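Remarks on the overall topology
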Amino acid sequence: MSLSMYQASVPVYLRGLDRVDYFLTKGEEFAAANNIPLAELAEAKLAPDMYSLIRQVQSVSDAAKGGAARLAGLEPPSMPDTETTFPELHARIAKTVAFLKGLDPKAFDTAADRDIVLKTRVRELHFKGANFLLGFSLPNFYFHVTTAYDILRHKGVPLGKMDFLGGQ
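Conventions adopted
Residues numbered from 1 in each chain as written. Predicted model: local features only at pLDDT ≥ 70, side-chain atom pairs only at ≥ 80, totals over all residues. Heavy atoms only, no water. Helix = DSSP H or I, 4+ residues; strand = E, 2+ residues; numbered from the N terminus. Buried < 20%, exposed > 50% of the residue type's maximum accessible area, 1.4 Å probe, protein only. Expected span 1.5 Å × (residues − 1). Salt bridge = Lys/Arg side-chain N within 4 Å of Asp/Glu carboxyl O.

Concerning unusual backbone geometry
- Positive phi is not limited to glycine here, since N35 has a value of about 50 degrees.
- Structurally, N35 can be placed in the loop between α1 (5–33) and α2 (38–42).
- For N35, a relative accessible area of 74% puts it in the exposed group.

Concerning α1
- Here α1 contains 29 residues, and its C-alpha end-to-end distance of 42 Å stays within 8% of the 42 Å for a straight helix at 1.5 Å per residue.
- Just past α1, the residue N35 takes up positive phi, approximately 50 degrees.

Describing the pattern of salt bridges
- According to the stated counting rule, one finds nine salt bridges in the structure shown.
- E40 serves as the salt-bridge partner of K155, at 3.4 Å between the closest nitrogen and oxygen. Of this pair, K155 sits in the loop between α5 (129–154) and α6 (161–165) while E40 sits in helix α2; the two residues are 115 residues apart in sequence, bridging distant segments of the chain.
- Classification of K155 as partly exposed rests on a relative accessible area of 30%.
- With a relative accessible area of 39%, E40 lands in the partly exposed category.
- Through salt bridges with shared partners, a single ionic network connects R55, D62, K65, D81, E83 and R92.

See the structure below:
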């Protein structure tokens, strides 16, 4: 049995989004138990030149919806980066999950060979779908999932490896 581009992308994005949503919940519980303002966690960074937790979660969403949409030959849905609270971040994750669950797996049938152009602030990146998924989209997605985890862990939220991996 071969692995489809849909199977290699959408379920992976959904699992990562589920984990980030869980990290946020654990962060809320930790903040409540320790009288820490949620804004302190939301604005936390690992280094001054890195994104805050808020922006990491937005980037997880962007990577998932953008990666899946491009592979399916669609324009990624626009989600303005206006979230400032944990409930708003949970809502953004839910909106991203709903988008992913609404995608037709058949739209990914030709994704491996699809030409994908990603426009950044400084240049255009050109990929074939398989290279986009494996060499850019999934690494970028997991960079932001991991960094969200690391920020909360750094702030004292009791997260461990199994929290990151989740259940099977």
